[in-house]
Amino acid sequence: MIRFRTILAVGVTTAATVALVAGPAQADTVNRYAHAHFDGGDGRMFVDVTRPAVGDTVVDVEWGKSVCAVTDGVRGCDIVSRRAYDVPVTRFSFSLTGAKLTATVPYQESRQHCDFVDGDEICSEWQESTGSTTVKVTWVADGEPLERERWTGEDGTVYVSTSTWTTVSGSGFGSTYDDPATSFGKLSRSRAIPPAA
């Protein structure tokens, strides 16, 4: 806010006048989000991309797979979990009709074996390691954005959220997903409109 102050003195009388001039209104901010849920024989993969109004675009990825078999009458399962959070990405295009992501993701891996004997679950200690993979995801909107929400915060900021469901295809961790029957996605855009100054 710009403030002008003028002091007028007449004889022994002093008059003060203050003029307040409103500055430019704060700019709107827009945050963008993309979510993908993949399921299938190659394991499950979850991808969340966040492009904030200010700051880096980042991706969170989780992948997991459980393979079970019966050996000598004992059912055993090998469990693998891989995860990466807040990884900066440079190749991400977004609109409410579609989006594309390509990211090289360093991940943390956990492995465990469990046997099921007479109703008891006997598991080994988790084995930890690290690795890297390239994650690619394509979102294609099912139609026009179907969900719109609008609300006002306590400070007068107006929030407008628009989102749409999508089909998704992608790959990562050696798995490929292209079956719309077992996967889905969502694209969202959230706009914050500050109150007038």
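Scope of this entry: the structure provided in the associated data block. Please read all numbers here as calculations on a predicted model, not as lab measurements.

About the criteria used
- Residues numbered from 1 in each chain as written.
- Predicted model: local features only at pLDDT ≥ 70, side-chain atom pairs only at ≥ 80, totals over all residues.
- Heavy atoms only, no water.
- Helix = DSSP H or I, 4+ residues; strand = E, 2+ residues; numbered from the N terminus.
- Buried < 20%, exposed > 50% of the residue type's maximum accessible area, 1.4 Å probe, protein only.
- Contact = heavy atoms within 4.5 Å.
- Areas by Shrake-Rupley, 256 points an atom, 1.4 Å probe, with all protein chains shown as cover.
- Disulfide = S-S within 2.5 Å.
- Pairing = 2+ DSSP bridges.
- Polar contact = N/O pair within 3.5 Å; in protein donor to acceptor, adjacent residues only side chain to side chain.
- Phe/Tyr/Trp six-rings, centres within 6.5 Å; stacked < 30°, edge-to-face > 60°.
- Lys NZ or Arg CZ within 6 Å of the ring centre and 35° of its normal.

### So, the overall build of the protein
Summing up its helical and strand segments, the protein has 0 helices and 14 strands in all. Residues counted as buried form 30% of the 197 residues belonging to the protein. In the protein, once contacts between residues fewer than 6 apart in sequence are set aside, the share between residues at least 24 apart is 56%. When the accessible surface of the protein is totalled, it reaches about 12300 Å², and 51% of it is carbon and sulfur.

### Some words on the state of the cysteines
One pass over the structure, following the stated rule, counts 2 disulfides. Disulfide pairing is shown between Cys68 and Cys77; the S-S distance is 2.0 Å. Torsion about the S-S bond of the Cys68 and Cys77 cystine: about 110°, corresponding to right-handed handedness. Here Cys114 connects covalently by a disulfide to Cys123, the sulfurs 2.0 Å from one another.

### Describing the pairing of strand S12 (residues 158-172)
Strand direction decides the pairing type here: strand S10 (residues 127-141) and S12, joined by 6 bridges, are antiparallel. Counted as the bridge partner of Lys136 is Ser171 from S12. Between strand S11 (residues 147-152) and the antiparallel strand that follows it, S12, lie 5 residues; Gly156 among them carries a positive phi value of about 95°. Relative to strand S14 (residues 184-193), S12 runs antiparallel, the two being bridged by 9 bridges. Considered in S14, the bridge of Thr166 is made with Gly185. With 3 bridges joining them, S12 and strand S13 (residues 175-177) adopt antiparallel strand pairing. Residue pairing in the sheet places Ser171 in a bridge with Thr176 of S13. In sequence, S12 turns back onto S13 through a hairpin of 2 residues, with Phe173 there showing a positive phi of about 60°.

### Quick look at the side chain of Gln112
Here Gln112 is to be found in strand S8 (residues 98-117). Within the local environment of Gln112, its side chain forms a polar contact with the backbone oxygen of Ser124, the two atoms lying 2.8 Å apart. Gln112 has contacts with Cys77, Asp78, Ile79, Cys123, Ser124 and Trp126, leaving out every residue within four places of it along the chain.

### Brief notes about the packing of aromatic side chains
In the structure shown here, the tally under the stated rule is 7 aromatic pairs. Taken together, a centroid distance of 6.4 Å and an interplanar angle of 80° make the contact between Phe92 and Trp139 edge-to-face. On the criterion of sequence distance, the pair formed by Phe92 in strand S7 (residues 91-95) and Trp139 in strand S10 is long-range, its members being 47 residues apart. On the basis of relative accessibility, which here comes to 1%, the residue Trp139 falls in the buried class. Taken together, a centroid distance of 5.5 Å and an interplanar angle of 20° make the contact between Trp151 and Tyr159 stacked. Judged by its relative accessible area of 40%, Trp151 is partly exposed. In this structure Tyr159 comes out as partly exposed when scored by relative accessible area, which is 27%. Of the aromatic side chains, those joined through ring pairs into one cluster are Trp63, Tyr107 and Phe173. Arg75 extends its terminal NZ or CZ atom over the ring of Phe116, reaching a point 5.4 Å from the ring centre.

All quantities given are derived from atomic positions and should not be read as evidence of function.
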